[in-house]
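In case you want the letters, here they are:
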Amino acid sequence: MAVTESAPAVPPAARTQTRTTDAPGSDAAGTDAAGPDDRTPAAGRAPEREPRTPGGGGGGYEGILRRQSLRESAARTYARSLPIVPVRARGLTIEGADGRRYLDCLSGAGTLALGHNHPVVLEAVKKVLDSGAPLHVLDLATPVKDAFTTELFATLPSGLADDARIQFCGPAGTDAVEAALKLVRTATGRDGLLAFTGAYHGMTAGALDASGGATGVRVTRLPYPQQYRCPFGVGGERGAQLAAHWTQNLLDDPKSGVATPAGMIVEAVQGEGGVLPAPDDWMRRMRRITADRSIPLVVDEVQTGVGRTGAFWAVEHSGVVPDVMVLSKAIGGSLPLAVIVYRSELDAWQPGAHAGTFRGNQLAMAAGTATLAYVRENKLAERAGALGARILGRLQDLAADHPCVGEVRGRGLMIGVELVDPDAAGPDDLVPPAAPALALAVQQECLARGLIVELGGRHSAVVRLLPPLTLTDEQATAVLDRFADALAAAERAHTPHPPVTPRALAPRTDTGPSH
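Given the structure is predicted, the values throughout are model-derived calculations rather than measurements.

Calculation notes
Residues numbered from 1 in each chain as written. Predicted model: local features only at pLDDT ≥ 70, side-chain atom pairs only at ≥ 80, totals over all residues. Heavy atoms only, no water. Helix = DSSP H or I, 4+ residues; strand = E, 2+ residues; numbered from the N terminus. Buried < 20%, exposed > 50% of the residue type's maximum accessible area, 1.4 Å probe, protein only. Contact = heavy atoms within 4.5 Å. Areas by Shrake-Rupley, 256 points an atom, 1.4 Å probe, with all protein chains shown as cover. Polar contact = N/O pair within 3.5 Å; in protein donor to acceptor, adjacent residues only side chain to side chain. Salt bridge = Lys/Arg side-chain N within 4 Å of Asp/Glu carboxyl O. Pairing = 2+ DSSP bridges. Core = buried A, V, L, I, M, F, W, Y, C linked by side-chain atoms within 4.5 Å.

Enquirer: Got a sec to walk through the overall build of the protein? Specific residues and values, please.
Expert: Helix and strand counts for the protein come out as 14 helices and 17 strands. Of all 515 residues assigned to the protein, the portion counted as buried reaches 53%. Long-range pairs, those at least 24 residues apart, make up 72% of the contacts in the protein with a sequence separation of at least 6. Entry remark: accessible area of the protein is about 23100 Å², with carbon and sulfur atoms responsible for 54%.

Enquirer: Now, about the side chain of Arg-100: what can you tell me, with residues and values included?
Expert: With respect to the helices and strands, the residue Arg-100 is situated in the loop between strand 2 (93–96) and strand 3 (101–104). Taking the relative accessible area as the measure of exposure, Arg-100 reaches 14% and is therefore buried. Within the structure, the side chain of Arg-100 is placed 3.1 Å from the side chain of Asp-98, a separation counted as a polar contact.

Enquirer: Could you give an account of the pattern of salt bridges, naming the residues involved and the relevant values?
Expert: Tallying each qualifying case throughout the model produces 22 salt bridges. For Asp-139, the salt bridge identified is with Arg-359, shortest N-O distance 3.2 Å. With Asp-139 in the loop between helix 4 (119–131) and helix 5 (143–155) and Arg-359 in the loop between strand 12 (339–343) and helix 11 (362–377), the pair connects residues that are 220 residues apart, well separated along the chain. Between Arg-376 and Glu-377 there is a salt bridge, with its nearest N and O atoms 3.7 Å apart. Given the relative accessible area of 54%, Glu-377 is considered exposed.

Enquirer: Which residues make up the pairing of strand 1 (residues 86–90), and what values do they have?
Expert: Sheet analysis places strand 1 next to strand 2, joined by four bridges and oriented antiparallel. Pairing of Arg-88 across the sheet is with Glu-95, part of strand 2. Linking strand 1 back to strand 2 in an antiparallel pair, the connection comprises two residues, with Gly-91 at a positive phi of about 60°.

Enquirer: Describe in detail the nonpolar core, supporting the description with residues and values.
Expert: If you look at the biggest cluster of nonpolar residues, it comprises 97 residues, and the most contacted ones within it are Trp-282, Trp-313, Leu-395, Leu-419 and Phe-483. Leu-419 has contacts with Cys-404, Val-405, Ala-434, Ala-435, Leu-438, Ala-439, Val-442, Ala-461, Val-463 and Leu-487, leaving out every residue within four places of it along the chain. Judged by nonpolar contacts, the second largest core, of 24 residues, contains Leu-183, Val-298, Val-324 and Trp-349.

Enquirer: Describe the sheet that holds strand 2, with residues and values.
Expert: The strand order 1-2-3-15 describes an open sheet built from four strands, whose pairing is mixed. Either end of the sheet is taken by a strand with one partner, and the two such strands are strand 1 and strand 15 (451–452). Examined bridge by bridge, strand 3 and strand 15 share two bridges and lie parallel to one another. Bridged to Leu-103 within strand 15 is Leu-451.

Enquirer: Can you explain unusual backbone geometry? Please cite residues and give values.
Expert: Backbone geometry places Ala-109, a non-glycine residue, at a positive phi of 55°. Examined against the element boundaries, Ala-109 turns out to sit in helix 3 (residues 107–110). When its relative accessible area of 9% is taken as the criterion, Ala-109 is described as buried. Positioned with a positive phi, Asn-117 is a non-glycine residue whose angle comes to about 50°.

By themselves, these are just geometric observations and shouldn't be taken as functional.
In structure tokens:
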């Protein structure tokens, strides 16, 4: 029997409005922090309460949401928690079909390094369209591809860029992961793989095998260091040392049951795993362990790349130069693009060993070139590092007043707030258990206040902030104010209230109505 669902509830309008002004690195002024009830026309156009979209059949945004729920698969994700219908966007701001405006701290799951519709991206795309250049070219050489490759190589760690090859993949990060795993298996002649607890590398079969929820026998799972929920219960530098020791011992113990693998794949900051930055010393130790045993090191920079963490590539914080880098999301300037870059000595493929019809996305390459250059020339990685540190500090101050905040963590503008239930901790618990219901309530309260955030982590109990790198100081304040208000509201709703004891009533002595 088919199962249907009703259209998601539309979030109530927020009552606060905030205006912004221009700041270095910002692409627009005056509207990016507008409140969701602010109906100021975008670009001089009158707001539309119920716009008719091509093929939409009318009925306004509620009708669009209803038809989506009836027509699209049960695998929908973001559409369930974010019941909005975007019709216009610029920078940090999305305007819905209902005329409300939202501050977007999801940024296409990290794809929109410059926010929505940045002028340099639009101009780059328009230039290709106006030139008459072919939009589909398979893997043929084009001036657009040459410009993209040149700009990308100019940003790579020098130890890799000096002797690198690039493979253009299908237009999703998960296909680039598949290519990386295929590459190291081909180059080494080995089959096994080392991956980490909490990892996320995509949704195709091989990528899922290397992700945290997999049960694949070809993948050996290693402990990823954490401060708050350390797998060894000690945290800090000591916990990271134990994690590295475990890895080294597993590889050197002839009775471990783990043969020398084809490669190790790791994220320098786990995103979906809960915004967990890898300690720099631990990353360097992973590089030494793999290099000493001729195991290619694959670093997944799909979400961390292009300035997100405060360095152009997250591996640069530790000085590690990997053998393979997996790149997607922001490198396409908001359009689909994915590549792997790797040491030339690994280039053991035969022609056609990894192919795809849509690996020549000219518009994405043009948008990506413009984005890479803009981030580099305007030092947006450094800006993300400085602004991200201030946001973390403000959130840590907020945590001091909210016991439900277990930990605030992140790097640059990749930030997570783990929510917990302090009253549910048992005597053997080192930290309180995760509070996924509270996290969901915070996300919904944020949306009601015109703020879009995402959830992640082991139990979806981590509220994630991924604002664009063009975020201004004033916009950051607006985001934090709305988040603080949403957190307080959700916490109040989830705090159990003590039972009220009825007071004993005194006997009445009056004989008539009171005057």
